[in-house]
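# Chain and residue survey
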Amino acid sequence: MKESNAGVSDSVIRKVLLSYFYVAIWIFLSFSVIVYNKYILDPKMYNWPFPISLTIIHMGFCSFLAFVAIHIFRFVELPSSMTGDLYVSSVLPIGALYSLSLWFSNSAYMYLSVSFIQMLKALMPVTVYSIGIMFKKETFKSSIILNMLSISFGVAIAAYGEARFNVTGVSLQLAAVVFEATRLVLIQILLTSKGISLNPITSLYYVAPCCLAFLLVPWGIVELPRLRSAENFQPDFVIFGTNSFCAFALNLAVFLLVGKTSALTMNVAGVVKDWLLIAFSWSVIRDMITPLNLFGYGIAFLGVAYYNHIKLQALRAKETQKKAQQQDEETGALLDGEKKISNQV
């Protein structure tokens, strides 16, 4: 008996340690991509202010590796349910929103500090919930609305206390949040509701080429003329190569984290990552963070934490209801079997 209990406890400990390991990998890669993008795009650092070009490089690199992973190494299989009509009606709108989200969020790094960008990203649950109500994917609840208002209030205080507030940067980041939130809601409407589940490799396989194609138009208008005039610039292939690889690895880490734990775990880990980025931005990059910044973000952080708590409670209630329903079905099946046997006798 003791040996079996020891075996169970060892198994539980191993699972917990693996979960922490997956969380650590995701935080490290997400942290690295954000800081790396800031380093490349910031005029005071590497000084390559071409966010559309950087996003195109990422999407091209991810498209290539996703193609290799699927068609050469055959790590995953493509879903048979993905047809040409479904791709046009579902994947293209998602790809268009994703390209805009990446373009605007990368552009914000040229104007805002890493720490302030993370504070603005706290508005994501508010935006997702609001757009979910518009598309009738979420129900209006006064308690949740009050929570969303508290998050918005906290972000507003943090913005008011920002020492290097830039209207262009804030507008770009808020637009990126809106596009990303709309994309997440449309994934539920256009893909999940139809029973189509894409892991990050198949998502990149379908979405990355689409993003690249959408970005070519603004790239040709906005950045190509400037790139032609920047003849003296010699790109460092080590920097751009490792940056692109980190972006691809981050998508794999998302698959690993969500697949082995849950999406809620990633949300909670995201809160930890945001605080680490704020601390790094202040201590290493030397970004100015005011007490009002921290106070406002603290309010927003509590709101996001409470929102995650509500989602966790709802998830647990749903799982409990599902288990109870399965038990009722099994009990009903046993009773039906016993009735058939008694009738035969």
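Here is a short report on the structure shown in this document. (Residues numbered from 1 in each chain as written. Predicted model: local features only at pLDDT ≥ 70, side-chain atom pairs only at ≥ 80, totals over all residues. Heavy atoms only, no water.)

## Here we look at the side chain of Gln 173
- Within the fold, Gln 173 resides in helix 7 (residues 167–190).
- A relative accessible area of 2% places Gln 173 in the buried class. (Helix = DSSP H or I, 4+ residues; strand = E, 2+ residues; numbered from the N terminus. Buried < 20%, exposed > 50% of the residue type's maximum accessible area, 1.4 Å probe, protein only.)

## Focus: the packing of aromatic side chains
- In this structure the tally under the stated criterion is 14 aromatic pairs.
- Measuring from centroid to centroid gives 6.0 Å for Tyr 46 and Phe 240, while their planes differ by 75 degrees, and the two rings are edge-to-face. With Tyr 46 in the loop between helix 1 (2–41) and helix 2 (51–72) and Phe 240 in helix 9 (residues 237–260), this pair connects stretches of sequence that are 194 residues apart. Residues Tyr 46 and Phe 240 agree in their burial class; the two are buried.
- When the centroid spacing of 5.6 Å and the interplanar angle of 80 degrees are considered together, the rings of Trp 275 and Phe 301 count as edge-to-face. Taken as a pair, Trp 275 in helix 10 (residues 263–283) and Phe 301 in helix 11 (residues 291–344) lie far apart in primary sequence, 26 residues in all.
- For Phe 301, a relative accessible area of 27% translates into the label partly exposed.
- Counting every residue linked through ring pairs, the aromatic cluster contains Tyr 39, Tyr 46, Trp 48, Phe 50 and Phe 240.
- One residue, Arg 183, lies across the ring of Tyr 98, its end atom 4.4 Å from the ring centre. (Phe/Tyr/Trp six-rings, centres within 6.5 Å; stacked < 30°, edge-to-face > 60°. Lys NZ or Arg CZ within 6 Å of the ring centre and 35° of its normal.)

## Focus: the packing of helix 5 (residues 124–134) against helix 6 (residues 142–160)
- Helix 6 packs onto helix 5 with a crossing angle of 140 degrees between their chain directions and a minimal axis gap of 9 Å. Looking at the two axes, helix 5 sits oblique to helix 6. Like other packed secondary-structure pairs, helix 5 and helix 6 cross with a definite hand, here left-handed. Each of Pro 125, Val 126, Tyr 129 and Ile 133 in helix 5 lies in contact with helix 6, whose residues at this interface are Ile 144, Ile 145, Met 148, Ile 151 and Ser 152. (Axes fitted to C-alpha atoms, helices over the stretch in contact; angles between N-to-C directions. Parallel < 35°, antiparallel > 145°, perpendicular 65-115°, else oblique. Left-handed = near helix turned anticlockwise from the far one by under 90°. Contact = heavy atoms within 4.5 Å.)

## Regarding unusual backbone geometry
- Of note, Arg 74 is a non-glycine position whose phi angle comes to about 55 degrees, a positive value.
- Along the chain, the position of Arg 74 falls in the loop between helix 2 and helix 3 (84–108).
- In this structure, Lys 136 takes a positive phi of about 60 degrees despite not being glycine.
- Along the chain, Lys 136 falls in the loop between helix 5 and helix 6.

## Concerning the nonpolar core
- Formed by 46 residues in total, the largest nonpolar core has its most connected members in Ile 40, Trp 48, Phe 116, Met 119 and Met 148.
- Sorting elements by how many residues they give to this core places helix 6 first, with 6 residues.
- When sequence neighbours within four positions are dropped, the list of residues in contact with Met 119 reads Val 155, Ala 158, Ile 278, Ile 289, Asn 293 and Tyr 297.
- One finds Leu 86, Tyr 98, Leu 102 and Phe 248 within the second-largest nonpolar core, a separate group that totals 22 residues. (Core = buried A, V, L, I, M, F, W, Y, C linked by side-chain atoms within 4.5 Å.)

## Some details on a nonpolar patch on the surface
- Where nonpolar side chains cluster on the molecular surface, the patch consists of Ile 72, Phe 73 and Phe 75 and spans about 380 Å² of accessible area.
- On the secondary structure map, Ile 72 appears in helix 2.
- For Ile 72, a relative accessible area of 56% corresponds to the exposed category. (Patch = residues over 30% accessible without salt bridge, like charges linked within 9 Å, V, L, I, M, F, W, Y side chains within 5 Å. Areas by Shrake-Rupley, 256 points an atom, 1.4 Å probe, with all protein chains shown as cover. Salt bridge = Lys/Arg side-chain N within 4 Å of Asp/Glu carboxyl O.)

## Digging into the side chain of Thr 182
- Locating Thr 182 in the fold gives a position in helix 7.
- Thr 182 has contacts with Leu 97 and Ile 131, leaving out every residue within four places of it along the chain.

By themselves, these observations are geometric and do not establish any function.
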